[in-house]
Amino acid sequence: MAAGVAALLVTAGCAQLSGGARPQGTDIWSGRMSLRIDSQPVQTFSALFELRGSPEAGELSLTSPIGSTLAQLHWSPGEALLKNGSEVRRYESVDALIEAATGAAIPVGALFGWLAGRDDRVPGWRPDLAQVANGRLQATRENPGPTADLRIVFERS
């Protein structure tokens, strides 16, 4: 799986999405995220991120600490896309798209709620929202295995 994630990230290296106007009332979260998947071998993923929109329609940009684009993802009702120049990869859902980009099924709908400080429940995930007011979020996926640990340091604009 790590090879597949690496291939996806390399392929996504030049991805560009057209940015539209920011919808009224849409929040933007940005910061750093890391993901550790306790598989054999252990997989880790870290990136700078910018998340905008909503669980229904939004964008997630992942960049390296030196500013290289790792992946740009876009979703709206009925489509989830990863664009790479003229190449477009389509996925059946935003959750499948996120899993392809990061190596783990991160519940995007709940992620928006967690970042906003809501304890949105997702089977198998346990969010720790104690530090959200200080711009820190941790969530653990306990099942299905392997376990995964998501840590985010963020600002909201």
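In this report, the structure presented in the accompanying data block is examined.

Parameters at a glance
- Residues numbered from 1 in each chain as written.
- Predicted model: local features only at pLDDT ≥ 70, side-chain atom pairs only at ≥ 80, totals over all residues.
- Heavy atoms only, no water.
- Helix = DSSP H or I, 4+ residues; strand = E, 2+ residues; numbered from the N terminus.
- Buried < 20%, exposed > 50% of the residue type's maximum accessible area, 1.4 Å probe, protein only.
- Salt bridge = Lys/Arg side-chain N within 4 Å of Asp/Glu carboxyl O.

Here we look at the environment of Gly78
Positionally, Gly78 belongs in the loop between strand S4 (69-76) and strand S5 (79-84). Once the C-alpha coordinates of Gly78 and Glu56 are considered, the two residues, 22 residues apart in sequence, prove to be 9.4 Å apart.

Thoughts on helix H2 (residues 94-102)
The periodicity of an α-helix, 3.6 residues per turn, causes residues three or four places apart in sequence to face the same way. All of the buried residues along H2 are Val94, Ala96, Leu97, Ile98, Ala101 and Thr102. A positive phi of about 95 degrees marks Gly103, the residue just after H2.

Considering the side chain of Thr140
The residue Thr140 is located in strand S8 (residues 136-141) in this model. Residue Thr140 is classed as buried on the basis of its relative accessible area of 15%.

Brief notes about helix H3 (residues 108-115)
Among the 8 residues of H3, 7 are classified as buried, and the element is accordingly described as predominantly covered. Two residues or fewer past H3, Gly117 is found with a positive phi of approximately 90 degrees.

Describing the pattern of salt bridges
Enumeration according to the criterion identifies 8 salt bridges in this entry. When the shortest N-O distance is used, the salt bridge between Arg118 and Asp120 registers 3.8 Å. With its nearest N and O atoms 2.7 Å apart, the salt bridge here joins Arg126 to Glu142. Residue Arg126 is found in strand S7 (residues 125-128), and its partner Glu142 is found in the loop between S8 and strand S9 (148-156); the two are separated by 16 residues along the sequence.

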